[in-house]
Amino acid sequence: MKNLSFLPGQHLLLKGAQATLDSLTSILKNNSSLKIAIEGHICCERQFSDGFDQMTGKRNLSHARAEYIYTELIKRGIEKDRLSYEGFGRRQPIHPNEVNERQKQANRRVEIRIVER
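Residues numbered from 1 in each chain as written. Predicted model: local features only at pLDDT ≥ 70, side-chain atom pairs only at ≥ 80, totals over all residues. Heavy atoms only, no water.

1. A short note on the overall build of the protein chain
Here is step 1 of the chain: Check the secondary structure of the protein chain and you find three helices and three strands.
Here is step 2 of the chain: Mapped in sequence order, the helices and strands of the protein chain form the string α-β-α-β-α-β.
Here is step 3 of the chain: In summary, the protein chain has a C-alpha radius of gyration of 14 Å against a globular reference of 13 Å for 117 residues, a match within 12%.
Here is step 4 of the chain: Projected onto its principal axes, the C-alpha positions of the protein chain cover 40 × 25 × 25 Å.
Here is step 5 of the chain: For the protein chain, the proportion of its 117 residues judged to be buried stands at 44%.
Here is step 6 of the chain: Intrachain contacts of the protein chain at a sequence separation of at least 6 include 66% that bridge at least 24 residues.
Here is step 7 of the chain: About 6,600 Å² of surface is accessible on the protein chain, with carbon and sulfur atoms providing 48% of the total. (Helix = DSSP H or I, 4+ residues; strand = E, 2+ residues; numbered from the N terminus. Rg over C-alpha atoms; globule rule 2.2 N^0.38 Å. Buried < 20%, exposed > 50% of the residue type's maximum accessible area, 1.4 Å probe, protein only. Contact = heavy atoms within 4.5 Å. Areas by Shrake-Rupley, 256 points an atom, 1.4 Å probe, with all protein chains shown as cover.)

Next up, the structure:
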């Protein structure tokens, strides 16, 4: 899914990403056997294995982003056993050497991977 993007240094979705989360919720509700992995990513960090979450003061930003989506889906009625989440830090960037805000935003994301249909 595209557009599960976050504010810099935070685990809160950009306003435009709420519609994507709504779509993901609908897909999961309409496909009750679907299981997904929620994978968090960050941009810009070169010194540490994960980013600093300004909201919690912890260096686990990619994990916090994935957990945020996980928690939101559970609040919306999706069963826990259909979901898993993990933070990958900066290990899987779309743009390894970000040179502009568009590339940074592309790396500052959560990806959804189908585990089981």
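2. Considerations on the environment of N97
Here is step 1 of the chain: Tracing the sequence through the fold places N97 in the loop between β2 (83-87) and α3 (101-107).
Here is step 2 of the chain: Take N97: its relative accessible area is 58%, and that puts it in the exposed class.
Here is step 3 of the chain: Along the primary structure N97 and L7 are separated by 90 residues, whereas in three dimensions their C-alpha atoms are 19 Å apart.
Here is step 4 of the chain: Setting aside residues up to four positions removed in sequence, N97 forms contacts with R46, R90 and Q103.

3. A word on the packing of aromatic side chains
Here is step 1 of the chain: For the structure on display, the rule yields two aromatic pairs.
Here is step 2 of the chain: Both rings, one in F6 and one in Y68, keep their centres 6.5 Å apart while their planes meet at 80 degrees; by these two values the pair is edge-to-face. Taken as a pair, F6 in the segment before α1 (18-30) and Y68 in helix α2 (residues 61-75) lie far apart in primary sequence, 62 residues in all. Considered together, F6 and Y68 belong to a single accessibility category, that of buried residues.
Here is step 3 of the chain: Between Y70 and Y85, the ring centres sit 4.6 Å apart and the planes meet at 45 degrees, which makes this aromatic pair tilted. Here the residue Y70 occupies a position in helix α2, and Y85 occupies one in strand β2, the gap between them amounting to 15 residues.
Here is step 4 of the chain: Given a relative accessible area of 17%, Y70 falls into the buried group.
Here is step 5 of the chain: Here the basic side chain of R59 rests over the ring of F48, its NZ or CZ set 3.9 Å away from the ring centre. (Phe/Tyr/Trp six-rings, centres within 6.5 Å; stacked < 30°, edge-to-face > 60°. Lys NZ or Arg CZ within 6 Å of the ring centre and 35° of its normal.)

4. A short note on the state of the cysteines
Here is step 1 of the chain: For the coordinates displayed, the defined rule picks out one disulfide.
Here is step 2 of the chain: A sulfur-sulfur distance of 2.4 Å marks the disulfide that ties C43 to C44. Since a negative S-S torsion denotes a left-handed disulfide, the C43-C44 link at about -75 degrees is left-handed.
Here is step 3 of the chain: Look at C43 and you get buried, because its relative accessible area is 10%. (Disulfide = S-S within 2.5 Å.)

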